[in-house]
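Residue-level listing of the chains:
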Amino acid sequence: MMSFISRKARVLGKVLQGSAVLGESIIGEGSIIDRFVYVGYPRRNKLTTMKSMDLNDLDELSSGARIGSRCIIRSHTIIYEDVELGDRVETGHGVLIREGSRVGSDSRIGSFSQLDGCVEVGSGVSIQSNVYLPHLTKIGDRVFIGPGVIVTNDPYPVSGKLTGVRICDEAVVGAGAILKAGVEIGSRAVVGAGAVVTRDVPEDSVVVGSPARVRMTRSEYEEKKKRYEIGR
Amino acid sequence: MMSFISRKARVLGKVLQGSAVLGESIIGEGSIIDRFVYVGYPRRNKLTTMKSMDLNDLDELSSGARIGSRCIIRSHTIIYEDVELGDRVETGHGVLIREGSRVGSDSRIGSFSQLDGCVEVGSGVSIQSNVYLPHLTKIGDRVFIGPGVIVTNDPYPVSGKLTGVRICDEAVVGAGAILKAGVEIGSRAVVGAGAVVTRDVPEDSVVVGSPARVRMTRSEYEEKKKRYEIGR
Amino acid sequence: MMSFISRKARVLGKVLQGSAVLGESIIGEGSIIDRFVYVGYPRRNKLTTMKSMDLNDLDELSSGARIGSRCIIRSHTIIYEDVELGDRVETGHGVLIREGSRVGSDSRIGSFSQLDGCVEVGSGVSIQSNVYLPHLTKIGDRVFIGPGVIVTNDPYPVSGKLTGVRICDEAVVGAGAILKAGVEIGSRAVVGAGAVVTRDVPEDSVVVGSPARVRMTRSEYEEKKKRYEIGR
C-alpha cells in the first residue's frame, strides 16, 4: 500500500503508506503524515459537480494545503484544501479541518475534533478531544478548550446569517460547554465545565451554569487552583 | 491499493482506492464512495460467530446496502448491511450508519455522526456533526439537528425495553441538546441549544433549558430570526 | 493492500488488509483485527523525537499491546502500546485507546469513544458511543456508560495536577452526563442523562440535574424501571 503524492505537491517531511497529499500542498521539513490521512481534500462544491472520481481527479481539483515544519498529523485525519498549519502543530487521530482554516504554531488539536471551515486558531492553543468548532469561529493565542466543547454559529437555526464565536487570548473553556452563536469569551475568562454560554463573558471572569453566570474572577480562580495544586 | 468490490454488488458509481463494497450492495449512478469506507458491513451477531475473517468472508456474510444515485459517501464512513440511502444523500467523514437504517433523498449526515441501527430519517434532513441517534429513532422530513445532539432510547438504563424518540417534520434541535427516551418533538417545534428534553414538545413550540420548558411559539421564533437576519 | 505485522508480534487471530500490528503485540486466539486499525501505536513522546518515519520505524519504537482471545477490534480503531485488553472485548469503529490503559474481559467500547491514557476499565462494562475518558479514569465491573458522556480530570484547567474520576461497580451514567475531576460515583449509583456531577455520588443513590442532586435511591429506580418494562 503506497502513499499518493501529487506531482504538484512539495513534501519535505514523511508521508506514510495509504495516505494522500493532493494538489499544490506543501509539507514542511520534519513533518509526519500518518496513515489513512488526506491532505488537500477538495471543498464540497467541487465534489458535487464531479463527473468521475479517483485520486487523480481529486488531485486535479485540489488547490492544496500548507503544513509547516515538524508537525505530526496522526492517522485518519482529513485536512481540506486552503488550510494552513504553522510549525510544530499536532493533530490527534481522526481530526477534520475544513477549507479556509488557519492554525498557529505550537497548537494541538485533539482526536475527533473538527474545525468546520474558515476557523482561525492562534498559537500555543490546546484543543482537547471531540471539540466542534463551526465555520467562522475565531480563537486567540494560548487558549485551552476542554473535551467535548460545542461552539455554534447560528442563533436561530436555520437562518440565512452566521455569526462566529470569538474566544480571546488565554481563555479557558471547560469540558462539554456549549457556546451560543456570536458570544465573545474575553481574554483570560474561564467557562466552567458543562456551562451553556448565552451572553458575552467579560475578560478575567469565571462563569458557570446554564445559562452561564459570573461566579468569580480569574484571580480568585487562580488562587483556588494554587490551593488545589498544593493539596489543601 | 485497490478497492474491493463484491462480485455480487452492482456498482454504477465510483469506488475509490482502499474501500470495500460487500454483498449484494447497489451503488447508484453518479454516486461516489470515497476512501477507507465500508459499504455493506455485516451486523454484529454475524461477526461474533465467524470462524475466520478476511474481506472475502465478510463479503460472503453481507446482505449488502443500497445507495441511491448521486450520493457522496465521504472517507472513513461505515455503512452496514440492510441500510438504504435515497438519492443525493451525502455523508461527512467518519459517519457510521448501522443495519436497518433508512435515509431519505437529499438528506445530509455530518462528520462523525452515528445512526446506530434501525434509525429512520426522512428527506431533506440536515444532521450536523457528532450527532448520536440510537436504535429506533425516527426523524421526519426537512428536520435540522445541530452538532453534538444526543438522542437516547432507554429511560432506565439498562432496562429490557427500548423506546425510540420521534422528531417530526421541520423540527429544529439545537446544538448539544439531549433528548430522553420516548419523547416526541412535534412538527416545527424548536429545541434550544443545550436543552435537556424530558417530556414531549408540542408542535410549533420552542423549548429551552434543563429540563426544557416552553419559552415561545415557532412564529415568535421566526419573528426573532427575521429581525436577526436583517440586523436589528 | 496487505496488513503489516511486526516480526516481533505474536498473532493467533486474524488481521485484515490495511491494518498494522506493531512491536511485541500479542493478538489472542480467535480475535479479529478489522481494517484501517493500528495495534501498538507508539506513545506521543516517542513520535516527537523521531527523525524519520515509516511503518518499520513505528514498529521498532513500539513496545506492543496485548489483546486477549475472541476480541473484535472494528475498523478505524487505534490501540496504543502498553494497552491490555482481556478476552472477548469488543470495540466499535473508530475507537481510540491510549497507552497504559487496561480493559477487562467481556467489556465493550462504543464507536468513536476514547480511553485517553492510563484508563482502567473492569469486566463486563458497557461503554456506549462518543464517550470521553481522560487519563487516570477508573471504572469498576459491570458499569454502564451512556453515549456522549464526558469525564474530566482537572478541576482547574490547566493545572499542574490531575485527579481521576472513579466509577464504582454496577454504576450507571446516563447519556451526555459530565463528571467533574476527582468525583467518585458510588457502587450501583445512577447519574441521570445530561447531569453535571460536581460532587461525589453516594452508592445506591440516583442523581439528576445541573449541578446533580440526589433524587431517589437505586431501589426506587429499579421499581420504576420494572413498572416501565411491564408497561404501566
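Nothing here was measured: the structure is a model prediction, and the numbers come from that model. (Residues numbered from 1 in each chain as written. Chains lettered and ligands numbered in written order. Predicted model: local features only at pLDDT ≥ 70, side-chain atom pairs only at ≥ 80, totals over all residues. Heavy atoms only, no water.)

### Examining the environment of Leu22 of chain B
Here is step 1 of the chain: The residue Leu22 of chain B is located in the loop between strand 4 (20-21) and strand 5 (26-27) in this model.
Here is step 2 of the chain: With 37 residues separating them along the chain, Leu22 of chain B and Asp59 of chain B place their C-alpha atoms 4.7 Å apart. (Helix = DSSP H or I, 4+ residues; strand = E, 2+ residues; numbered from the N terminus.)

### What to know about the pairing of strand 7 (residues 38-41) of chain C
All names here are of chain C.
Here is step 1 of the chain: Bridge count between strand 4 (residues 20-21) and strand 7: two bridges; the pairing is parallel. Residue pairing across strands places Ala20 opposite Tyr38, the latter belonging to strand 7.
Here is step 2 of the chain: Of the pairings in the sheet, the one linking strand 7 to strand 10 (residues 78-80) comprises three bridges and is parallel in character. Along strand 10, the bridge assignment pairs Tyr38 with Ile78. (Pairing = 2+ DSSP bridges.)

### Observations regarding the sheet that holds strand 6 (residues 32-33) of chain C
Residues and elements named next belong to chain C.
Here is step 1 of the chain: Pairing is mixed in the open sheet, where 11 strands are placed in the order 3-6-9-12-15-18-21-24-27-29-30. In this open sheet, the two strands that pair with only one neighbour each are strand 3 (14-15) and strand 30 (213-217).
Here is step 2 of the chain: Sheet topology places strand 15 (residues 108-109) next to strand 18 (residues 126-127); two bridges connect them, and they run parallel. Note on strand 18: the bridge partner recorded for Ile109 is Ile127.
Here is step 3 of the chain: Against the sheet, helix 3 (residues 218-229) contacts strand 24 (172-173), strand 27 (190-191), strand 29 (205-208) and strand 30, and its axis sits at roughly 65° relative to strand 30. (Contact = heavy atoms within 4.5 Å. Axes fitted to C-alpha atoms, helices over the stretch in contact; angles between N-to-C directions.)

### Examining helix 3 (residues 218-229) of chain A
Residue and element names in this part refer to chain A.
Here is step 1 of the chain: Between its terminal C-alpha atoms helix 3 stretches 16 Å, which fits the 16 Å expected from 12 residues at 1.5 Å a residue.
Here is step 2 of the chain: Among the residues of helix 3, Arg218, Tyr221, Lys225 and Tyr228 are the ones counted as buried. Looking down the long axis of helix 3, one finds its buried residues gathered within 75° of arc, a one-sided arrangement. Among the exposed residues of helix 3, those oriented more than 90 degrees off its buried face are Ser219 and Lys226.
Here is step 3 of the chain: Looking at the packing, one finds that the buried side of helix 3 touches strand 24 (172-173), strand 27 (190-191), strand 29 (205-208) and strand 30 (213-217).
Here is step 4 of the chain: Positive phi shows up at Gly231, right after helix 3, with a value of about 85°. (Expected span 1.5 Å × (residues − 1). Buried < 20%, exposed > 50% of the residue type's maximum accessible area, 1.4 Å probe, protein only. Arc of directions from axis to C-beta.)

### Thoughts on the relation of the copies chain B and chain A
Here is step 1 of the chain: Note on the copies: chain B fits chain A at an RMSD of 0.0 Å, the axial shift is 0.0 Å, and the rotation between them is 120°. Expressed as a symmetry operation, the mapping of one chain copy onto the other fits a three-fold axis.
Here is step 2 of the chain: When the interface residues of chain B are mapped onto chain A, a mere 15% of them are again interface residues, pointing to distinct binding faces. (Least-squares fit on C-alpha atoms with pLDDT ≥ 70 in both.)

### So, the interface of chain C and chain A
Here is step 1 of the chain: The interface is formed by 41 residues belonging to chain C together with 33 residues belonging to chain A.
Here is step 2 of the chain: Buried surface at the junction of chain C and chain A, summed over both partners, amounts to about 3200 Å²; 63% is from carbon and sulfur atoms.
Here is step 3 of the chain: The largest contributions to the chain C side of the interface with chain A come from Met53, Tyr156 and Pro157 of chain C, which together make up 20% of the buried area.
Here is step 4 of the chain: For the pair chain C and chain A, the number of links is one salt bridge.
Here is step 5 of the chain: Ionic pairing is found between Arg44 of chain C and Glu90 of chain A, a salt bridge with its closest N-O pair at 2.6 Å.
Here is step 6 of the chain: Taken together, chain C and chain A are joined by 13 residue pairs in polar contact (both at pLDDT 80 or more).
Here is step 7 of the chain: Where the side of chain C that touches chain A is concerned, the elements lending two or more residues are strand 7, helix 1 (44-47), helix 2 (55-61), strand 10 and strand 16 (114-116) of chain C. (Buried area = accessible area lost by both parts, 1.4 Å probe. Salt bridge = Lys/Arg side-chain N within 4 Å of Asp/Glu carboxyl O. Polar contact = N/O pair within 3.5 Å; in protein donor to acceptor, adjacent residues only side chain to side chain.)

### Quick look at the interface of chain B and chain A
Here is step 1 of the chain: With 33 residues of chain B at the interface, the matching set in chain A holds 41 residues.
Here is step 2 of the chain: Contact between chain B and chain A buries roughly 3200 Å² in total, counting both sides, with carbon and sulfur atoms accounting for 63%.
Here is step 3 of the chain: In this assembly, chain B and chain A are joined by one salt bridge.
Here is step 4 of the chain: Linking chain B with chain A are 13 residue pairs in polar contact (both at pLDDT 80 or more), by the criterion used here.
Here is step 5 of the chain: Ranked by residue count, the leading element in the side of chain B that touches chain A is helix 3 (residues 218-229) of chain B, at five residues.
Here is step 6 of the chain: Counted by class, the side of chain B that touches chain A contains 13 nonpolar, 11 polar and nine charged residues. (Nonpolar A, V, L, I, M, F, W, Y, C, P; charged D, E, K, R; others polar.)

### A look at the confidence of the model for chain A
Here is step 1 of the chain: Summarising the model, chain A shows a mean pLDDT of 96, and 98% of its residues fall at 70 or more.
Here is step 2 of the chain: Model confidence for the complex is summarised by a pTM of 0.97, with the ipTM given as 0.96. (pLDDT = per-residue confidence, 0-100.)

### Focus: the packing of aromatic side chains
Where two aromatic rings form a pair, the distance of their centres and the angle of their planes describe that pair.
Here is step 1 of the chain: A complete count under the given rule lists 18 aromatic pairs over all chains for this structure.
Here is step 2 of the chain: Taking the centre distance of 5.5 Å and the plane angle of 75° together, the rings of Phe36 of chain A and Phe36 of chain C count as edge-to-face. With one member in each of two chains, Phe36 of chain A in the loop between strand 6 (32-33) and strand 7 (38-41) and Phe36 of chain C in the loop between strand 6 and strand 7 form a pair that bridges those chains.
Here is step 3 of the chain: Of the residues examined, Phe36 of chain C reaches a relative accessible area of 0% and is grouped as buried.
Here is step 4 of the chain: Put simply, the rings of Phe36 of chain A, Phe36 of chain B together with Phe36 of chain C touch in pairs and so form one group of aromatic residues.
Here is step 5 of the chain: Sitting over the ring of Tyr80 of chain A, Arg98 of chain A keeps its end group 5.5 Å from the ring centre. (Phe/Tyr/Trp six-rings, centres within 6.5 Å; stacked < 30°, edge-to-face > 60°. Lys NZ or Arg CZ within 6 Å of the ring centre and 35° of its normal.)

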